[in-house]
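Summary of the model geometry
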Protein chains: 4
Amino acid sequence: MSSLRTRTPAAPKPAPVATHAARQRERILEAAEKCFIESGFHAASMAHIADTAGISAGLIYRYFDSKALIVKAIIERHLETDGTCAIDWLNSPEDLCDAMLDLFESWQRGDDPKMNAGLFLDLTAECTRDPQIARVVRDKDRLVGDGLAQVVRRIARARGVMLKSAAARERADVLQCLMEGLASRVVRDPKLRRSTLKPMLEKIMAVLLA
Amino acid sequence: MSSLRTRTPAAPKPAPVATHAARQRERILEAAEKCFIESGFHAASMAHIADTAGISAGLIYRYFDSKALIVKAIIERHLETDGTCAIDWLNSPEDLCDAMLDLFESWQRGDDPKMNAGLFLDLTAECTRDPQIARVVRDKDRLVGDGLAQVVRRIARARGVMLKSAAARERADVLQCLMEGLASRVVRDPKLRRSTLKPMLEKIMAVLLA
Amino acid sequence: MSSLRTRTPAAPKPAPVATHAARQRERILEAAEKCFIESGFHAASMAHIADTAGISAGLIYRYFDSKALIVKAIIERHLETDGTCAIDWLNSPEDLCDAMLDLFESWQRGDDPKMNAGLFLDLTAECTRDPQIARVVRDKDRLVGDGLAQVVRRIARARGVMLKSAAARERADVLQCLMEGLASRVVRDPKLRRSTLKPMLEKIMAVLLA
Amino acid sequence: MSSLRTRTPAAPKPAPVATHAARQRERILEAAEKCFIESGFHAASMAHIADTAGISAGLIYRYFDSKALIVKAIIERHLETDGTCAIDWLNSPEDLCDAMLDLFESWQRGDDPKMNAGLFLDLTAECTRDPQIARVVRDKDRLVGDGLAQVVRRIARARGVMLKSAAARERADVLQCLMEGLASRVVRDPKLRRSTLKPMLEKIMAVLLA
DNA sequence: AATGAATGAGCCTTCATTCAT
DNA sequence: AATGAATGAAGGCTCATTCAT
């Protein structure tokens, strides 16, 4: 995961012809997301999801064959959201730093149902146990890493530094590590402020992108 | 949480007179830990824990009133272990860097029965849902942060830099963030190598402790 | 049941003015039959029947008030079909023997959508539980038995033996027993061949019709 | 299946040390048998079985891992009962005839929980759908057929007739057919009497064993 | 007449917890 | 102190049936 929110809003979805079925699926996913955030993947019950969606439990199965598939859909939605946001705007260490801090604040506010720190941690932990989930997550993770490496390279180049592929990768890995560490920090230290993180993060960015 | 393993083994406990009850509790907790690591907090069943501990399911309830209390006890045990390890050995940015990379490798090997990346993520995620757990974790988290801040200060001072308390805190926060991000990285990118992380981590340490 | 297929095709129904409703009912029954044969009375779902019939699930209820009534209708249809086939062609023990072996082979091939060994067994077993079904089946069973008794008498008479009603009955009962036993044999011993059965069956027929 | 009840009671089981667990298993199986007879394999619910056994639904799972395994156990019990009864007593066509009629009456009375006509039919029908059940049933069926073939040969030999293996098999197949037909007859014609069947059955036996 | 979305009861199964021994 | 049998409340899922359109 580790999505980078930027200032560009994602382009509006191209499928405005929302059939009833599509709308129902969406409703269920939204309810599921709420429940998963609230109780975790395992503890959230189908009944609870159905309640939250305002439908009967049985109806869910018209749209998803199993709870596992809902989980999978949620995960994929998360991963899609990730990286779909243009990274092209990140043109300087400062941009990258801001993007990370924006992500931090979004997690802290917890108002983005698509990207929630608790869910992110759950999801990551789940990789330890469910190989299918692990595969999906890791596949996406690699893409995100590649994206970050490119950004790193581009920014470095803009500053006159030519990074080898391996060097960019090293930087991207540490960036991912930092970003994902933020999820943990958000949960474990609710009082942490953007302003506290900013100074050192800026220095680190400068180092990573020089 | 985010324990820093150093070369000094923790001093042996002051050898309390281990009553039978205390020994039983310990056995149960150890078994529970194994099971939680294996299956996660929710999926681990009392029966499995009892089996692992080599006792009957019913007996657990003589020592713990509920599964939730075992979870809590496990967490508290973790947190005690944490930081009990002397941080005094960390005397340079390099030391700190090595300590972090050691932690990374230990997580990657998954051979430390007391701290496991999956469990760490689970535990952190659980804070989102269980306020009681959140409290315990955050209390301890603060202590760890304080410890780190001291280390930072000490190392900086050794290098001739006097850091204000707030400045040390900023650095400690980012350090924690990095360490915890490693848990996520270990799970999400099983192929990540210590050698890949090392170069940039060293640079970062240099920045943070300068 | 235990229908005796003979070489004469049943006379075409008097061509009733097939209303739309009647045609729909027929479609549903045919689909249901297919499904029941495929999965048994209980396991066949209304959804599957609807699919097979090429109509919506809800529509079935315009024509049948419940699944149980479909089962009943299927049974009644079976029983109607049964015995409607002329038994007049059976004029010798050999004819009867052949007819039974034909039935055996038809069951073995399983290509008769109207009568299937598994369904026959299911249906019979159901009599044990559903009194309504039991009544229908038993009523029809009596008719089949009567028909058989007549055939027996006729054949015997043709061979110069005058059988009393009770004597014909005894023979008819054993014939039914044999025929129905074939259903069981077909299912339990898929390797059984017509040629294996023929010799002894012929001898038995000779005894029964002498 | 198609058990041949003879006058010899089965030897008492050699395991009088009935552990609690063994007794519970037996209780459950007995309850299950009752329920299966009452409602069929599919329609009988675990809750109903538990009720009948006078225990909680969950407890069943301490003794059987799944409903399917209960079904399997019931089937195997049935099949064991079969043929365990000594066939050595059958020394004449009359003996065989009586044994068959005894079986008929036992089915008709429905007082033998281990061998019930409805269950027999259900079980046979189930072979059509469940390959695992089919295998078990057919394996046993072959044994029963072999046993019958031996009996046939022995009786024939006692009467001075030497039957080839294939000839004995032909007779055994028809015997099985007749016996299994009786299950159907019992269910479909509750008024059928032993005395009605006896005369023709005797003649048939004479033919089969001559 | 027809659809198919929606419901809700019921099914099999698991598991934390209790209790008689 | 210890066992492990027993319970009962969910949990995920299916399916006959109903209903708005």
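Residues numbered from 1 in each chain as written. Chains lettered and ligands numbered in written order. Predicted model: local features only at pLDDT ≥ 70, side-chain atom pairs only at ≥ 80, totals over all residues. Heavy atoms only, no water.

1. Here we look at the protein's contact with DNA strand E
Rule in force here: Near is defined per residue: the residue qualifies when any heavy atom it owns lies within 4 Å of the molecule or strand. The definition of a polar contact used here is a pair of N or O atoms within 3.5 Å, where within protein one atom must be able to donate a hydrogen and the other to accept one, and adjacent residues in sequence count solely through side-chain atom pairs. Three categories are distinguished: nonpolar for Ala, Val, Leu, Ile, Met, Phe, Trp, Tyr, Cys and Pro, charged for Asp, Glu, Lys and Arg, and polar for the others, with Gly belonging to the last.
Residues in close proximity to DNA strand E total 30 residues, the closest being Gln24 and Arg62 of chain A, Met46 of chain B, Arg62 of chain C together with Tyr61 of chain D. A breakdown of the atoms of DNA strand E within 4 Å of the protein gives sugar and phosphate a share of 65%. Taking Gln24 of chain C, its side chain carries an N or O atom lying 3.0 Å from a phosphate oxygen of DNA strand E. Contacts to DNA strand E include Met46 of chain D, whose backbone N or O atom sits 2.7 Å from a phosphate oxygen. Broken down by class, the residue content of the surface near DNA strand E amounts to 12 nonpolar, 14 polar and four charged.

2. Focus: the protein's contact with DNA strand F
Keep this limit in mind: Comment: elements are numbered from the N terminus, with helices defined as DSSP H or I runs of at least four residues and strands as E runs of at least two.
In the vicinity of DNA strand F lie 30 residues, with Tyr61 of chain A, Arg62 of chain B, Met46 of chain C together with Arg62 and Tyr63 of chain D positioned nearest. In DNA strand F, the atoms that sit within 4 Å of the protein are 68% sugar and phosphate, with bases accounting for the remainder. Note that a base nitrogen of DNA strand F is positioned 3.5 Å from one of the backbone N or O atoms of Gly58 of chain B. The set of elements that each furnish at least two residues to the surface near DNA strand F consists of helix 3 (57-63) of chain A, helix 1 (20-43) and helix 3 (57-63) of chain B, helix 3 (57-63) of chain C together with helix 1 (20-43) and helix 3 (57-63) of chain D. The residue makeup of the surface near DNA strand F, split by class, is 12 nonpolar, 14 polar and four charged.

3. Side note on the environment of Ile28 of chain D
All names here are of chain D. The test is simple: The buried label applies to any residue whose accessible area, calculated with a 1.4 Å probe on protein chains only, is under 20% of its type's maximum; exposed applies above 50%, and partly exposed to all values in between. Contacts were defined at the residue level, with two residues in contact if any of their heavy atoms lie within 4.5 Å.
Within the secondary structure, Ile28 sits in helix 1. Note on Ile28: relative accessible area 1%, which makes it buried. Each C-alpha atom, one on Ile28 and one on Glu94, is 39 Å from the other, the two residues being 66 residues apart in sequence. Dropping the residues within four chain positions of it, Ile28 is found in contact with Ile49, Ala53, Ile55, Ile60, Tyr63, Phe64 and Ile70.

4. Description of the relation of the copies chain D and chain C
Here is the rule: When the copies are overlaid, the least-squares fit takes in C-alpha atoms only where the residue has pLDDT of at least 70 in both copies.
In the superposition of chain D on chain C (RMSD 0.7 Å, axial shift 0.0 Å), the rotation amounts to 177 degrees. Read as a symmetry element, the transformation amounts to a two-fold axis. Relative to the rotation axis, the closest C-alpha in chain D is found at Gly181 of chain D, a distance of 1.9 Å. Interface overlap between copies: 98% of the residues of chain D at the interface are likewise at the interface in chain C, consistent with a symmetric, same-surface contact.

5. Looking at the pattern of salt bridges
This is how the line gets drawn: Any carboxyl oxygen of Asp or Glu that lies within 4 Å of a side-chain nitrogen of Lys or Arg is treated as forming a salt bridge with it.
Going through the model one piece at a time under the given rule, you end up with 64 salt bridges over all chains. The salt bridge involving Arg194 of chain B is made with Asp102 of chain B; its shortest N-O contact spans 3.0 Å. Of this pair, Arg194 of chain B sits in helix 9 (residues 194-208) while Asp102 of chain B sits in helix 5 (residues 93-109), placing them 92 residues apart in sequence. The exposure class assigned to Asp102 of chain B is partly exposed, which follows from its relative accessible area of 30%. Among the charged side chains, a network of salt bridges with common partners joins Asp98, Asp102, Glu105 and Arg194 of chain A.

6. Some thoughts on helix 5 of chain B
Residues and elements named next belong to chain B. What counts here: In a helix, the anticipated span is given by 1.5 Å times the number of residues less one.
In this model, helix 5 (17 residues) spans 24 Å end to end at C-alpha, consistent with the 24 Å of a helix rising 1.5 Å per residue. Residues of helix 5 that are buried: Pro93, Asp95, Leu96, Cys97, Ala99, Met100, Leu101, Leu103, Phe104, Ser106 and Trp107. Looking at the packing, one finds that the buried side of helix 5 touches helix 6 (117-127), helix 7 (131-158), helix 8 (165-188) and helix 9. Once helix 5 finishes, Gly110 follows within two positions and takes phi at roughly 65 degrees, a positive value.

7. What about the relation of the copies chain B and chain A?
Between chain B and chain A, which share one sequence, the superposing operator has a rotation angle of 177 degrees and an axial displacement of 0.0 Å; the RMSD is 0.7 Å. When you check the interface residues of chain B against chain A, 100% turn up at the interface there too, and the contact is symmetric in its surfaces.

8. Remarks on the environment of Gln176 of chain D
All names here are of chain D. Along the chain, Gln176 turns up in helix 8 (residues 165-188). Assessed through its relative accessible area of 1%, Gln176 is described here as buried. Gln176 sits 32 residues away from Val144 along the chain, and the two C-alpha atoms are 8.6 Å apart. At a separation of 3.3 Å, a polar atom in the side chain of Gln176 contacts the side chain of Asp141.

9. A short note on the packing of aromatic side chains
All names here are of chain D. Operational definition: Aromatic contacts are taken between Phe, Tyr and Trp rings whose centres are within 6.5 Å, Trp giving its six-membered ring; a plane angle under 30 degrees counts as stacked, one over 60 as edge-to-face, and the others as tilted.
All told, the structure shown has eight aromatic pairs over all chains when counted by the stated rule. Here Trp107 and Phe120 contribute two aromatic rings whose centre-to-centre distance is 5.5 Å and whose plane-to-plane angle is 40 degrees, an arrangement assigned as tilted. One end of the pair, Trp107, is in helix 5 (residues 93-109); the other, Phe120, is in helix 6 (residues 117-127), with 13 residues separating them in the sequence.

10. Some thoughts on the domain arrangement of chain A
Residue and element names in this part refer to chain A. As a reminder of what qualifies: Bear in mind that the domain bounds are from an automatic or database domain assignment. Accessible area that two parts lose when put together, evaluated with a 1.4 Å probe and summed over both, is termed the buried area.
Structurally, chain A comprises domain 1 (13-65) and domain 2 (67-208). In this structure, domain 1 and domain 2 have C-alpha centres spaced 26 Å apart. At the boundary of domain 1 with domain 2, total buried surface from both sides reaches about 1600 Å², with 69% on carbon and sulfur atoms. If you look at where domain 1 meets domain 2, you find two salt bridges. With a shortest N-O distance of 2.3 Å, Glu26 and Arg77 are connected by a salt bridge.

11. Overview of the interface of chain D and chain C
On the side of chain C, 46 residues touch chain D, which itself brings 46 residues to the contact. Summed over both sides, the interface between chain D and chain C buries roughly 4100 Å², with carbon and sulfur atoms accounting for 61% of that surface. If you sort the residues of chain D by the area they bury against chain C, Arg129, Arg188 and Met200 of chain D come out on top, with a joint share of 19%. Across the contact surface, chain D and chain C share eight salt bridges. Put simply, Asp141 of chain D and Arg188 of chain C hold a salt bridge, and the shortest N to O gap is 3.4 Å. Seen at the junction of chain D and chain C, the total is 16 residue pairs in polar contact (both at pLDDT 80 or more). Broken down by secondary-structure element, the contributors of at least two residues to the side of chain D that touches chain C are helix 1, helix 6, helix 7 (131-158), helix 8 and helix 9 (194-208) of chain D. Of the residues forming the side of chain D that touches chain C, the biggest block, 14 residues, is contributed by helix 8 of chain D.

12. Some thoughts on the interface of chain B and chain A
Contact residues are listed per partner, giving 45 residues for chain B and 46 residues for chain A. Both faces combined, the contact of chain B with chain A buries some 4100 Å², and carbon together with sulfur accounts for 61% of it. Contact with chain A buries area across many residues of chain B, yet Arg129, Arg188 and Met200 of chain B alone supply 19% of it, more than any other trio. Run the count over chain B and chain A and you get eight salt bridges. Along the contact surface separating chain B from chain A lie 16 residue pairs in polar contact (both at pLDDT 80 or more). Contributing elements (two or more residues each) for the side of chain B that touches chain A: helix 1, helix 6, helix 7, helix 8 and helix 9 of chain B. No other element matches the 14 residues that helix 8 of chain B contributes to the side of chain B that touches chain A. In the side of chain B that touches chain A, the residues fall into 22 nonpolar, 10 polar and 13 charged.

13. Focus: the confidence of the model for chain A
Note the threshold: The score called pLDDT rates the predictor's confidence residue by residue, from a low of 0 to a high of 100.
Scored by pLDDT, chain A comes out at a mean of 89, with 89% of its residues at no less than 70. This stretch, residues 5-13 of chain A, has a pLDDT under 50; its non-local contacts, to residues over four places away or in other chains, come to 13 contacts.

14. Notes on the side chain of Ser39 of chain D
Its location among the elements puts Ser39 of chain D in helix 1. Residues within four places of Ser39 of chain D in sequence aside, it is in contact with Arg129 of chain C together with Ala44 and His48 of chain D.

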